[in-house]
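Close look at the chain arrangement
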Amino acid sequence: DIRNLDWNVLMRLEQTLIRLFEEDEDLPIRVVVDVSDSMQTRNGDKLRQAQKIAAALAYVGLANLDRVGLICMSGKVHATLPAVRGKGRIFRIFEFLRNAPKGGPTDIRSACKRIAAEANQPGLTVVLSDFYDMEGAFDGLNLLRFRKHEPVAIQVLDTVEADPTKTGLRGDVKIVDCEGGDGLDVTLSAATLRAYAEAHQRFCAHLESSCRSRGIPYFRAETEAPFDELVLRMFRLGGLLR
């Protein structure tokens, strides 16, 4: 294309040079918070941790003059705050996180499919969830990659929920699915609780290895971890915000 010729160089040096351009796109940051019923167990510690991390990510993004949008999602909830810019908008984000509807089953696949369909522009998409929807979670993250998003998975874990061996819970109990309502009568022993903790660890390790094998950054955010250290580790090691 002769429009890209550097005519000054051609006239002075009689050399044909093509000018190259690098486009600097203004890509938005989307922070997706899972507000399903499983995030609200044990007084909602996981959801509260996810909201705090979302607010911290949003504030740093706004301080960097990025456009930041939020989505709260579950199998029955899909509330969106369109991308905003400027540190003064952080109060809108606080209000949105505080007042967004909650509840419903975990359905990360459907949420990510809707995000990909609604997004006019791909960008950095951070998903905060316990990911207790293994198949759907991975399909959803892969769909975001396919649609040119840069997904980041932050798994929010309740340390007691992940390893209940020290709770002292023993004997005959009825375990009820917090999202489906189905109950199961079981007899809990120390060995049973250890087996559960090991299975939960394998589940988390599988999610982490699946993400990393496809270049999706993965972080674990325990509810009992010091919040400031947790967020700084994400920024320093993960390069979440550039």
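Parameters and conventions
Residues numbered from 1 in each chain as written. Predicted model: local features only at pLDDT ≥ 70, side-chain atom pairs only at ≥ 80, totals over all residues. Heavy atoms only, no water. Axes fitted to C-alpha atoms, helices over the stretch in contact; angles between N-to-C directions. Helix = DSSP H or I, 4+ residues; strand = E, 2+ residues; numbered from the N terminus. Parallel < 35°, antiparallel > 145°, perpendicular 65-115°, else oblique. Left-handed = near helix turned anticlockwise from the far one by under 90°. Contact = heavy atoms within 4.5 Å. Nonpolar A, V, L, I, M, F, W, Y, C, P; charged D, E, K, R; others polar. Buried < 20%, exposed > 50% of the residue type's maximum accessible area, 1.4 Å probe, protein only. Polar contact = N/O pair within 3.5 Å; in protein donor to acceptor, adjacent residues only side chain to side chain. Phe/Tyr/Trp six-rings, centres within 6.5 Å; stacked < 30°, edge-to-face > 60°. Lys NZ or Arg CZ within 6 Å of the ring centre and 35° of its normal. Core = buried A, V, L, I, M, F, W, Y, C linked by side-chain atoms within 4.5 Å.

Examining the packing of helix H4 (residues 108-118) against helix H5 (residues 134-146)
- It is the contact of H4 with H5, at a shortest axis distance of 7 Å, that shows an interaxial angle of 15°. Judged by the angle between their axes, H4 and H5 are roughly parallel. Read as a crossing pair, H4 and H5 show a hand that is left-handed. Residue-level contacts link Ile108, Arg109, Cys112, Lys113, Ile115 and Ala116 of H4 to Glu135, Gly136, Ala137, Asp139, Gly140, Leu141, Leu143 and Leu144 of H5.
- When the residues that make up the contact of H4 with H5 are grouped by side-chain class, the tally is eight nonpolar, two polar and four charged.

A few points about the side chain of Asp130
- Relative to the assigned elements, Asp130 resides in the loop between strand E4 (124-129) and H5.
- A relative accessible area of 0% means that Asp130 is categorised as buried.
- For Asp130, the side chain forms a polar contact with the side chain of Ser38, separated by 2.7 Å.
- Polar side-chain contacts of Asp130 include one of 3.0 Å to the side chain of Lys46.
- Discounting chain neighbours no more than four positions away, the residues touching Asp130 are Asp34, Ser38, Met39, Lys46, Gln155, Val156 and Phe203.

Remarks on the packing of aromatic side chains
- Within the structure shown, the criterion is met by two aromatic pairs.
- For the pair Phe91 and Phe94, a centre-to-centre distance of 6.1 Å together with 85° between the ring planes defines the contact as edge-to-face. One end of the pair, Phe91, and the other, Phe94, are both in helix H3 (residues 90-99), three residues apart, so they sit about a helical turn from each other.
- In this structure Phe91 comes out as exposed when scored by relative accessible area, which is 59%.
- Note on Tyr132 and Phe203: the rings are 5.8 Å apart at their centroids and 55° apart in plane angle, and the pair reads as tilted. Taken together, the residues Tyr132 in the loop between E4 and H5 and Phe203 in helix H7 (residues 190-213) connect sequence positions 71 residues apart.
- By relative accessible area, which is 28% here, Tyr132 ends up partly exposed.
- In this arrangement the basic side chain of Lys52 is found over the ring face of Phe227, its NZ or CZ atom lying 4.8 Å from the centre.

Digging into the nonpolar core
- Of all hydrophobic cores here, the largest spans 35 residues; its most connected members are Val33, Leu70, Ile93, Leu128 and Ile154.
- With eight residues, the single largest contributor to this core is helix H2 (residues 41-63).
- Apart from residues no more than four positions distant in its own chain, Ile93 is found in contact with Ala58, Leu62, Val68, Leu70, Leu81 and Val84.

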